[in-house]
Amino acid sequence: MTKEINSTEIAKLAGVSRSTVSRVINNYANVPEHTKQKVMKVIQQHNYYPNLSAQVLAGKRTRTIGLFMIDSGRVSGDSISSLLLARIIESASSQGYYVLTHIVRDISEKEEIRTIKESFYQRRIDGGIFIGAANQEPLIEELIEEGFIVAIVDQHLPGREKPNRLVFNFDNETGVGQAVDYLVSMGHRRIGIINGDMNRYSGPSKLQGFQRAMARHKLEVNSEWMLPGDFNESSGYKAIKDFLIEKRELPSALFAANDSVAFGAIRALKEAGIRVPQHISVIGFDDHFRSEHHRPALTTIRIDFAGMMDQLTKALIAAIEHGSTSTKQATADTALVVRESCQSIAID
């Protein structure tokens, strides 16, 4: 971790008084703009964030972990996101820890970056969990380089293993393979995919799992049936709407990168008079809370989200309290859940 700097040193480097540095930090209105900018430049160059209390200065833990959910939509409206948040809070609470939660709308925005950094540098938290970040997120990499303990859901960066980097992934390849195997067992050979966000590890890993499963069954991957998506319902809806505008031939089955994408796709198909599963089978991934109650009830791949979040939270707290742990990378298991959205067809 870099050498910490205090407000007196910041004042010297900026050529101002210590009280001026204090006024800038506390956003007082009586500081000239050019002075404020000069001080802020030095503060940012040295990653200076004033510590919160004498307890923190004494090196004691806050018994608080940070939870940063990167999501441009409404987290409260998505049951999977809500489950992840609630499970982490429950798990941390059972171990005597608080959770400082922050919904990040745009992790590239300067104020968001500063807010997240302050949580770590001011020692408001002992470690942090990131969910929904891009596979290669510069802010996360910076925090890890600085020595902070960080747990990441959905990341794969071979060769960057560190004691303070804890990685938790879904077994995407196995799960997608289970989905394709099931569709093939029902006679489907013309299978398409609606992808997720390709900047996140789950996006390309699910696509790779799909391609490998298709190759294992010696089936062609038709590029016309590889549709773009973004792990949300609106992207699944748009993918099918755009596809239907071009009046291309439909596959007999579709794998959706997650259940939300599947919901959107089914809605667009229904609007076009295409019935699921009578005209096309659709299978999802996650086992969303709505999947069982959807019409048709969605066949999907279940992820043990609750178990994974328990494991993640325990591993992070163990790393905080005892240093490096044996759990650096972990993967959540998957299971096929058969419902109503897939139908057998005659084999060509």
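Note that the coordinates shown come from a computational prediction; the quantities given were computed from them, not determined experimentally.

*Asks:* Even after reading the chapter, I still don't get the overall build of the protein chain, so can you show me in this structure?
*Replies:* Along the backbone of the protein chain there are 12 helices and 12 strands. Residues counted as buried form 51% of the 348 residues belonging to the protein chain. In the protein chain, the share of contacts with a sequence separation of at least 24, taken over all contacts with a separation of at least 6, comes to 70%. Of the roughly 16,500 Å² of accessible surface on the protein chain, a fraction of 49% belongs to carbon and sulfur atoms.

*Asks:* Would you explain the side chain of Ser119 in this entry?
*Replies:* Topologically, Ser119 is positioned in helix 6 (residues 110-121). Taking the relative accessible area as the measure of exposure, Ser119 reaches 4% and is therefore buried. With sequence-adjacent residues up to four places away left out, Ser119 is seen in contact with Phe68, Leu100, Arg124 and Ile125.

*Asks:* Is there a simple way to think about helix 2 (residues 18-25) in this case?
*Replies:* Taken residue by residue, helix 2 has Thr20, Val21 and Val24 as its buried positions. Down the axis of helix 2, the buried side of the element spans an arc of 100°, and every buried residue falls inside it.

*Asks:* What exactly am I supposed to notice about the packing of aromatic side chains here?
*Replies:* Two aromatic rings are characterised by how far apart their centres lie and by the angle between their planes. Tallied over the entire structure, the rule returns seven aromatic pairs. For the ring pair Phe68 and Phe120, a centre distance of 5.8 Å and an interplane angle of 25° mean the geometry is stacked. Here Phe68 is found in strand 1 (residues 64-70), whereas its partner Phe120 is found in helix 6, with 52 residues between them in sequence. Considered together, Phe68 and Phe120 belong to a single accessibility category, that of buried residues. Cation over ring: Arg267 sits above Tyr237, and NZ or CZ is 4.2 Å from the ring centre.

*Asks:* Even after reading the chapter, I still don't get the pattern of salt bridges, so can you show me in this structure?
*Replies:* A side chain of one charge can pair with a side chain of the opposite charge if their charged atoms are brought near each other. Here the structure, examined in full by the defined rule, presents 19 salt bridges. Note that Lys162 and Glu145 form a salt bridge whose closest N and O atoms lie 2.8 Å from each other. Of this pair, Lys162 sits in the loop between strand 4 (150-153) and strand 5 (165-170) while Glu145 sits in helix 7 (residues 138-145), placing them 17 residues apart in sequence.

*Asks:* Quick question: what am I supposed to make of helix 9 (residues 202-216) here?
*Replies:* Two residues of an α-helix separated by three or four positions point the same way, owing to the 3.6 residues in each turn. With 15 residues, helix 9 should cover 21 Å at 1.5 Å per step; its first-to-last C-alpha distance of 21 Å lies within 8% of that length. Those residues of helix 9 that fall on the buried side of the exposure criterion are Ser202, Gly203, Ser205, Lys206, Leu207, Gly209, Phe210, Ala213 and Met214. Contacts from the buried residues of helix 9 go to strand 5, helix 8 (172-185), strand 6 (191-194) and strand 7 (226-227). With its phi angle positive at about 60°, Lys218 sits one or two positions after the end of helix 9.

*Asks:* Help me understand the sheet that holds strand 8 (residues 253-256), please; the structure alone is not making it clear to me.
*Replies:* Two orientations exist for strands paired in a sheet by backbone hydrogen bonds: parallel and antiparallel. Strand order across the open sheet formed by four strands is 7-6-8-9, with parallel pairing between neighbours. Of all the strands in the sheet, the pair left with one neighbour each is strand 7 and strand 9 (281-283). As paired strands, strand 6 and strand 8 are joined by four bridges and run parallel to one another. Within strand 8, the position partnered with Ile193 by the bridge is Phe255. Contacting strand 6, strand 8 and strand 9, helix 8 crosses the sheet at an angle of about 160° to strand 9. The strands touched by helix 11 (residues 259-271) are strand 6, strand 8 and strand 9; relative to strand 9, the strand with the most contacts, the crossing angle is about 160°.

*Asks:* Whenever I open this one, the nonpolar core confuses me. Can you help?
*Replies:* Side chains that are nonpolar tend, in soluble globular proteins, to be buried together. Ranked by size, the top nonpolar core spans 49 residues in total, and within it Ile65, Ile129, Ile131, Val180, Ile191, Met309 and Leu316 carry the most contacts. The contacts of Ile131, once residues within four sequence positions are left out, are Leu67, Phe68, Met69, Ile70, Leu84, Ile88, Val153 and Met309. In terms of nonpolar packing, the next biggest core, distinct from the first, is built from 20 residues, Trp225, Ile266, Ala268 and Val282 among them.

*Asks:* It is not clear to me how the packing of helix 1 (residues 7-14) against helix 3 (residues 33-45) should be interpreted in this structure. Could you clarify?
*Replies:* The axes of two packed helices give the description: the angle between them and the distance between them. Their axes nearest at 9 Å, the elements helix 1 and helix 3 cross at an angle of 125°. The angle between helix 1 and helix 3 places the two elements in the oblique class. Judged by the twist between their axes, the crossing of helix 1 over helix 3 is right-handed. Packed against helix 1, whose contacting residues are Ile10, Leu13 and Ala14, the element helix 3 presents Lys38, Val39, Val42 and Ile43 at the interface. Classifying every residue of the contact of helix 1 with helix 3 gives six nonpolar, no polar and one charged.

*Asks:* For this particular structure, what's the right way to read the side chain of Ser341?
*Replies:* Position of Ser341 among the secondary structure elements: in the segment after strand 12 (334-337). Note on Ser341: relative accessible area 0%, which makes it buried. In terms of polar contacts, Ser341 uses its side chain to reach the backbone amide nitrogen of Thr299, at 2.9 Å.

Conventions adopted
- Residues numbered from 1 in each chain as written.
- Predicted model: local features only at pLDDT ≥ 70, side-chain atom pairs only at ≥ 80, totals over all residues.
- Heavy atoms only, no water.
- Helix = DSSP H or I, 4+ residues; strand = E, 2+ residues; numbered from the N terminus.
- Buried < 20%, exposed > 50% of the residue type's maximum accessible area, 1.4 Å probe, protein only.
- Contact = heavy atoms within 4.5 Å.
- Areas by Shrake-Rupley, 256 points an atom, 1.4 Å probe, with all protein chains shown as cover.
- Arc of directions from axis to C-beta.
- Phe/Tyr/Trp six-rings, centres within 6.5 Å; stacked < 30°, edge-to-face > 60°.
- Lys NZ or Arg CZ within 6 Å of the ring centre and 35° of its normal.
- Salt bridge = Lys/Arg side-chain N within 4 Å of Asp/Glu carboxyl O.
- Expected span 1.5 Å × (residues − 1).
- Pairing = 2+ DSSP bridges.
- Axes fitted to C-alpha atoms, helices over the stretch in contact; angles between N-to-C directions.
- Core = buried A, V, L, I, M, F, W, Y, C linked by side-chain atoms within 4.5 Å.
- Parallel < 35°, antiparallel > 145°, perpendicular 65-115°, else oblique.
- Left-handed = near helix turned anticlockwise from the far one by under 90°.
- Nonpolar A, V, L, I, M, F, W, Y, C, P; charged D, E, K, R; others polar.
- Polar contact = N/O pair within 3.5 Å; in protein donor to acceptor, adjacent residues only side chain to side chain.

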